[in-house]
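Each chain, written out:
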Amino acid sequence: GAVVSQHPSRVICKSGTSVKIECRSLDFQATTMFWYRQFPKQSLMLMATSNEGSKATYEQGVEKDKFLINHASLTLSTLTVTSAHPEDSSFYICSAIAFRGGASAELFFGEGSRLTVL
Amino acid sequence: AQKVTQAQTEISVVEKEDVTLDCVYETRDTTYYLFWYKQPPSGELVFLIRRNSFDEQNEISGRYSWNFQKSTSSFNFTITASQVVDSAVYFCALSEAGNTGKLIFGQGTTLQVKP
């Protein structure tokens, strides 16, 4: 089946630094990817929709200058947490839609990336 | 607005017991999808099922079964003869049919199966 891979799976950084997380669709092209954030013991919240070749669409309350999303190719979307602070520590998960013939589409999630900001 | 409610925050059962996880949703759409995911401690989301709003047939897959009731906007999940490996957080989610990738998740139910 289709696979979505995230890298890194875990990252620890110092406060004030920027961190980039990659989301790749390994065996299909994804014009649209999604980024979610999950705080400890909480649910997943959609942060933004990543569109290949155009600007990402952010959900209400998500700072676009804080969470930079770049979807430069049909298989890669990146999320950069700029000037990270401890409150940005979270589990970030991406997903992508694989279109199979006709109107059939399947949604696949990456393994997630756990960010810890010291 | 769309909303998914999983009223059970935590459930604890003893191995071999049956357990039902509740999910109630709200949407104004007539066409939508409902999902269940399992999230073990490692964090990755394990897909369990996707059901579209026009298919109200109950589904059974091994020890798992799902009961979709549009009349009560519920999509409950039952694990029969639970096992310790079933211990995880389970999420119910909803998406519009026109935007399958944009999921609204419930709060999640933590299931602990004790030996």
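**Examining the overall build of chain A**
Within chain A, the regular secondary structure consists of zero helices and eleven strands. Going from N to C terminus, chain A has its helices and strands arranged as β-β-β-β-β-β-β-β-β-β-β. Compactness check: chain A gives a C-alpha radius of gyration of 14 Å against a globular reference of 13 Å for 118 residues, within 12% of the reference. With respect to the three principal axes, the spread of C-alpha positions in chain A is 45 × 25 × 20 Å.

**Some thoughts on the overall build of chain B**
From N to C terminus, chain B includes zero helices and twelve strands. Starting at the N terminus, the α and β elements of chain B follow one another as β-β-β-β-β-β-β-β-β-β-β-β. Taking 115 residues into account, the globule formula puts the C-alpha radius of gyration at 13 Å, and chain B, at 14 Å, falls close to it. In terms of overall dimensions, chain B has C-alpha extents of about 40 × 25 × 20 Å along its principal axes. Of all 115 residues assigned to chain B, the portion counted as buried reaches 43%. Sequence-distant contacts, at least 24 apart, represent 57% of the contacts inside chain B between residues at least 6 apart. Roughly 5700 Å² of accessible area belongs to chain B as shown, and the carbon and sulfur atoms make up 48% of that amount. Charged side chains in chain B number 10 positive and 13 negative. The centres of these two groups are separated by 3 Å.

**A short note on the interface of chain B and chain A**
Tallying the contact residues gives 16 residues for chain B and 17 residues for chain A. Summed over both partners, the interface of chain B with chain A comes to about 1300 Å²; 59% of that surface belongs to carbon and sulfur atoms. Counting the contacts that link chain B with chain A gives one salt bridge. A salt bridge links Glu59(A) to Lys102(B); the nearest nitrogen and oxygen atoms lie 3.5 Å apart. At the junction of chain B with chain A, the criterion picks out five residue pairs in polar contact (both at pLDDT 80 or more).

**Focus: the environment of Val3(A)**
Residue and element names in this part refer to chain A. If you trace the backbone, Val3 turns up in the segment before strand S1 (4-7). Accessibility expressed as a relative area gives 38% for Val3, which makes it partly exposed. Remark: the alpha-carbon pair of Val3 and Leu44, spanning 41 residues in sequence, is separated by 20 Å. Apart from the residues within four sequence positions on either side, Val3 is in contact with Arg24, Ser25, Leu26, Asp27 and Phe28.

**Thoughts on the packing of aromatic side chains**
Scanning the entire structure with this criterion turns up 18 aromatic pairs over all chains. Residues Phe109(A) and Phe105(B) carry aromatic rings whose centres are separated by 6.2 Å and whose planes lie at 70 degrees to one another, so their mutual orientation is edge-to-face. Here Phe109(A) is found in strand S10 (residues 105-109), whereas its partner Phe105(B) is found in strand S11 (residues 104-105) on a different chain. An angle of 70 degrees between the planes, with centres 5.9 Å apart, marks the rings of Tyr37(B) and Phe47(B) as edge-to-face. Taken as a pair, Tyr37(B) in strand S5 (residues 32-39) and Phe47(B) in strand S6 (residues 46-52) lie far apart in primary sequence, ten residues in all. By relative accessible area, which is 1% here, Tyr37(B) ends up buried. Clustering of aromatic rings is evident, with ring pairs tying together Tyr36(A), Phe109(A), Phe35(B), Tyr37(B), Phe47(B), Phe91(B) and Phe105(B).

**Regarding the environment of Arg114(A)**
Structurally, Arg114(A) can be placed in strand S11 (residues 113-117). With relative accessibility at 28%, the residue Arg114(A) sits in the partly exposed group. Considered as a pair, Arg114(A) and Asn70(A) are 44 residues apart in the sequence and their alpha carbons are 19 Å apart. The contact partners of Arg114(A), leaving out residues within four places of it in the chain, are Ser9(A), Arg10(A), Val11(A), Ser90(A), Phe91(A), Ser42(B) and Gly43(B).

**Overview of the sheet that holds strand S7 (residues 67-73) of chain A**
Residue and element names in this part refer to chain A. The antiparallel open sheet is built from four strands, whose spatial order is S1-S3-S8-S7. With partners counted over all chains shown, the strands left at the sheet margins are S1 and S7, one partner each. The sheet shows a mean angle of 15 degrees between the axes of neighbouring strands, direction not considered.

Conventions used here
- Residues numbered from 1 in each chain as written.
- Chains lettered and ligands numbered in written order.
- Predicted model: local features only at pLDDT ≥ 70, side-chain atom pairs only at ≥ 80, totals over all residues.
- Heavy atoms only, no water.
- Helix = DSSP H or I, 4+ residues; strand = E, 2+ residues; numbered from the N terminus.
- Rg over C-alpha atoms; globule rule 2.2 N^0.38 Å.
- Buried < 20%, exposed > 50% of the residue type's maximum accessible area, 1.4 Å probe, protein only.
- Contact = heavy atoms within 4.5 Å.
- Areas by Shrake-Rupley, 256 points an atom, 1.4 Å probe, with all protein chains shown as cover.
- Lys, Arg positive; Asp, Glu negative; His and termini not counted.
- Charge placed at Lys NZ, Arg CZ, Asp CG, Glu CD.
- Buried area = accessible area lost by both parts, 1.4 Å probe.
- Salt bridge = Lys/Arg side-chain N within 4 Å of Asp/Glu carboxyl O.
- Polar contact = N/O pair within 3.5 Å; in protein donor to acceptor, adjacent residues only side chain to side chain.
- Phe/Tyr/Trp six-rings, centres within 6.5 Å; stacked < 30°, edge-to-face > 60°.
- Pairing = 2+ DSSP bridges.
- Axes fitted to C-alpha atoms, helices over the stretch in contact; angles between N-to-C directions.

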